[in-house]
Amino acid sequence: MKNFSYTIKDSVGIHARPAGNLAKLAKGFTGTKVMIEKNGKSVDVTKLMMLMGLGVKCGDTVNFTVEGPDEEAAAKAVEEFMQTNL
Amino acid sequence: MKLFHGKGVYGAIAIGCVSVFKRQEASVRRTHITDAATELERVENAKSKALEQLSAIHEKALKEVGETHAQIFEIHMMMIEDDDYNDSIRSIIETQMVNAEYAVAVTSDNFAAMFSSMDDDYMQARSADVKDISNRIISCLSDGENSDSESDSRMIICSDDLAPSETVSFDKENVLAFVTAFGSSSSHTAILARNMNIPAVICVGEEFLNDISDGCMMIVDGHKGEVIIDPDEETVAAYTAKQQEDAHRKDLLQQLRGKDNITRDGTRINIFANISGVDGIGAILANDAGGIGLFRSEFLYLESDDYPTEEQQFTAYRKVLESMAGKKVIIRTLDIGADKQIDYFGLEHEDNPAMGFRAVRICLERPEVFRTQLRALYRASVFGELGIMFPMITSVNEVAECPAMCDMVKRELSEEGMPFSDKVEVGIMIETPAAAIISDRLAPMVDFFSVGTNDLTQYTLACDRQNSKIERFVDTHHEAVLRLIEMAAVNAHANNVWIGICGELAADTSLTERFLRMRIDELSVSAPFVLPIREKVRSIDLS
């Protein structure tokens, strides 16, 4: 299991488009689960509507938990995605 | 003849016949089924059909409104494939043994409710997207071809509301105008209408739907946001004339759009526009202004019942900066007092408010109000080219206090890890004789000057703007005012500071040449004056 946290710098937060791209990215790692947690609420990032429903805004800190056969690669890809896009 | 008021989202006039838009979402009935597998297969088929349609709409939108605005349909496709959304549909069908249409409708309501309960305008608006995709699936389930306008003639489309996909699915050639009972000017539909150059009036209110039927005559005035049902001949004639005027202005636009603001001998000047709210951006872009020279931020305070929060202000500033896509936006900090009073500020009555507690004086006395506005401004600064301007300056000390406040706000933001641009220009209004007279001292402290000619005239000539009795003593071309402007221009340029004029005088074409000779760098006028001024500038020869 891999863990890391990230603080959103993008001023609009995780809105529709980045949420869609993040969900797509995580779906690519079949069998590996990527969870995002904000204020005790945790959702699977492949679930676009729930992810948008978290309402992650600029300045929020979110925690990722990545678990599964591809966890190394998936965690790295998600972290990179966050840094480049959010 | 009956008149309705709404909000115009694209300023143009349409005269024609009404076509009432009928959605195919015919009320969904709950029916009991015996074979869940067949029902699930129907959902799968409807979904792939919906995805095909959306992909076609996305293509069409790419061509008609561009990539940024077309993105929404990509999101719609992703939403249709969302796991939770589909799980919900499946489980309703399997556990309740009900028809697919009903399962989709219930799922739609649940997800839409989730979004509309969020404390964020952007996310609230997403509930319309959930409903839009769900209605599309339901319509595919009932084999309905998605509502394309069947008629060949050009019609005014009237509806309670239009989803973005509905707006785009019309054949643009056949649409004279859009009129909706609901909607908001920041909705995708309004944005799309604007980008398709189709006159549109929204928020007309539900009652107007009772007064229309297919084929009835209507006038849509997108400038004023008015809709006239069954107009009489005289009114039609008056609006036809207005339409021709619009056409003439459009010609002017065709000739001058994209052209430089340059005199015959090669002197250049920027022509920007003034606005008092986010709604004005459409007119600014339509008139090809080079930027915003005066954004009156007080509308945020006037429209609200309490101090607008940092977040509310940030959202508004960001919207303006983004819409202007890299063109300069000068936002003037709060300018209330005098003729603009706001209850919750609790300001005392003054006998002579024009010379009283107003504008930057309030900001400096109430740093918490000022700080909130500056934080919102700096946070928004990463979305475009921002300039911040302080009104009613009379002394060196006031000017010194403003940038100090800006520095404090920037330090706070850095500590919190919030991004802001380091290219924000800071400037002051020259609207008191004092500021013009000591402009040599003020210029080294700022990046730009902007002359507010209305107040400068009132203070220089000792003539109250509100007093109609003394109108004949107000000489708007008074040499004293013009000399003060010239003095400020000379001092600005000696210090490498640029100078603009944002008061009413800027739009006075009989002074354009004089301003050009003073080497004024920018004129900021109401949007409809941008092109007439450009025409004037291009006719002048200074040599």
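Novice: Can you help me understand the sheet that holds strand β3 (residues 13–20) of chain B in this one?
Specialist: Whenever strands of a sheet pair, they do so through backbone hydrogen bonds, lying parallel or antiparallel. Residues and elements named next belong to chain B. On the basis of which strands lie adjacent, the open sheet formed by eight strands has the order β1-β8-β7-β3-β4-β5-β6-β2 and mixed pairing. Every interior strand has two partners, whereas the edge strands, β1 (2–5) and β2 (7–10), have only one. Ignoring strand direction, the axes of neighbouring strands in this sheet form an average angle of 30°. Across four bridges, strand β7 (residues 217–221) lies against strand β8 (residues 226–229) in antiparallel orientation. Counterpart to valine 220 in the pairing with β8 is valine 227.

Novice: What exactly am I supposed to notice about the confidence of the model for chain B here?
Specialist: One rule of thumb: low pLDDT means the predicted coordinates there are not for detailed reading. Residue and element names in this part refer to chain B. Here chain B shows a mean pLDDT of 88. Residues at 70 or above account for 96%. Taken together, the stretch residues 146–150 has pLDDT below 50 and engages in 12 contacts with residues farther than four places along the chain or on a different chain. Our summary of model confidence lists the complex with pTM equal to 0.55 and ipTM equal to 0.82.

Novice: Where do I start with the interface of chain A and chain B in this structure?
Specialist: In many reports, interface size means the accessible area that the parts give up when they come together. Listed per partner, the contact involves 16 residues of chain A and 22 residues of chain B. Sorting the residues of the side of chain A that touches chain B by element identifies α1 (16–27) and α2 (48–53) of chain A as the ones contributing at least two each. Element by element, the count of residues in the side of chain A that touches chain B is highest for α2(A), at five residues. Here the residues of the side of chain A that touches chain B sort into five nonpolar, eight polar and three charged.

Novice: Please explain the nonpolar core as it appears in this structure.
Specialist: Side chains of nonpolar character tend, in soluble globular proteins, to be buried together. Counting residues in each nonpolar core, the largest one holds 93 residues, and the members touching the most others are Leu51(A), Ile156(B), Ala177(B), Phe178(B), Val179(B), Ala200(B) and Val220(B). There are two domains that each give this core at least three residues, and those are domain 1 (2–20 + 149–241) and domain 2 (36–141) of chain B. What Val179(B) contacts, discounting residues up to four positions off in sequence, is Ile156(B), Cys158(B), Val201(B), Val204(B), Val220(B) and Val227(B).

Novice: Looking at this model, I keep getting lost on the packing of helix α17 (residues 453–461) of chain B against helix α18 (residues 479–494) of chain B. Mind explaining?
Specialist: When two helices pack together, their arrangement is given by the angle between the helix axes and the distance between those axes. Residue and element names in this part refer to chain B. α18 packs onto α17 with a crossing angle of 125° between their chain directions and a minimal axis gap of 10 Å. Considered as vectors, α17 and α18 are oriented oblique to each other. In this structure, α17 meets α18 at a crossing whose hand is right-handed. Of the residues in α18, those touching α17 at Thr453, Leu456, Thr457 and Thr460 are Ala480, Val481 and Leu484. When the residues that make up the contact of α17 with α18 are grouped by side-chain class, the tally is four nonpolar, three polar and no charged.

Novice: I keep staring at the confidence of the model for chain A and nothing clicks. Help me out?
Specialist: Scored by pLDDT, chain A has a mean of 88; 100% of the residues are at 70 or more. Looking across chain A, the model is least confident in α1(A), with a mean pLDDT of 86, and most confident in strand β2 (residues 33–38) of chain A, with 93.

Novice: When you look at the pairing of strand β4 (residues 61–67) of chain A in this model, what are you seeing that I'm missing?
Specialist: A regular strand places its side chains on the two faces of the sheet in alternate fashion. Residue and element names in this part refer to chain A. With burial as the criterion, only one face of β4 is covered, namely that bearing Val62, Phe64 and Val66; the residues Thr61, Asn63, Thr65 and Glu67 on the opposite face remain uncovered. Bridge count between strand β1 (residues 2–7) and β4: six bridges; the pairing is antiparallel. Bridged to tyrosine 6 within β4 is valine 62. As judged from the five bridges shared by β2 and β4, these two strands associate in the antiparallel manner. Bridge pairing in β4 places isoleucine 36 opposite phenylalanine 64.

Novice: I would appreciate a short explanation of helix α2 (residues 67–80) of chain B in the present structure.
Specialist: Working note: α-helix, 3.6 residues per turn, so residues spaced by three or four point in the same direction. With 14 residues, α2(B) should cover 20 Å at 1.5 Å per step; its first-to-last C-alpha distance of 20 Å lies within 8% of that length. Residues of α2(B) that are buried: Ala70(B), Ile72(B), Phe73(B), Ile75(B), His76(B), Met79(B) and Ile80(B).

Thresholds, definitions, all that
- As a convention, each chain's residues are numbered from 1 in the sequence order in which they are written.
- Numbering of ligands from 1 and lettering of chains from A proceed in the order in which they are written.
- pLDDT decides what is reported in this predicted model: residues at 70 or higher carry local features, side-chain atom pairs at 80 or more are listed and counted, and totals for whole chains, interfaces and linings draw on all residues regardless.
- Here, any two strands with at least 2 DSSP bridges between them count as paired.
- Think of it this way: any DSSP run of H or I at least four residues long counts as a helix, any run of E at least two long counts as a strand, and we number them from the N terminus.
- Between N-to-C directions, angles span 0 to 180 degrees; the directions come from axes that are lines fitted to C-alpha atoms, helices contributing only their stretch in contact.
- Values of pLDDT, ranging from 0 to 100, describe the predictor's confidence in every residue of the model.
- For every residue pair, C-beta atoms are placed from the backbone, and the pair is scored as a contact if these atoms sit within 7 Å.
- Throughout, the ten residues Ala, Val, Leu, Ile, Met, Phe, Trp, Tyr, Cys and Pro are labelled nonpolar, Asp, Glu, Lys and Arg are labelled charged, and all others, Gly among them, are labelled polar.
- Put simply, a nonpolar core is buried Ala, Val, Leu, Ile, Met, Phe, Trp, Tyr and Cys residues tied into one set by C-beta atoms within 7 Å.
- With C-beta atoms placed from the backbone, a residue is labelled by how many other C-beta atoms lie within 10 Å of its own: buried for 20 or more, exposed for 12 or fewer, partly exposed between the two.
- Bear in mind that the domain bounds are from an automatic or database domain assignment.
- By definition in this entry, angles of less than 35 degrees are roughly parallel, angles greater than 145 are roughly antiparallel, angles of 65 to 115 are roughly perpendicular, and the rest are oblique.
- Here a crossing is taken to be left-handed if its near helix is turned anticlockwise relative to the far helix by less than a right angle, and right-handed if that turn runs clockwise.
- To estimate how far a helix should extend, the number of its residues minus one is multiplied by 1.5 Å.

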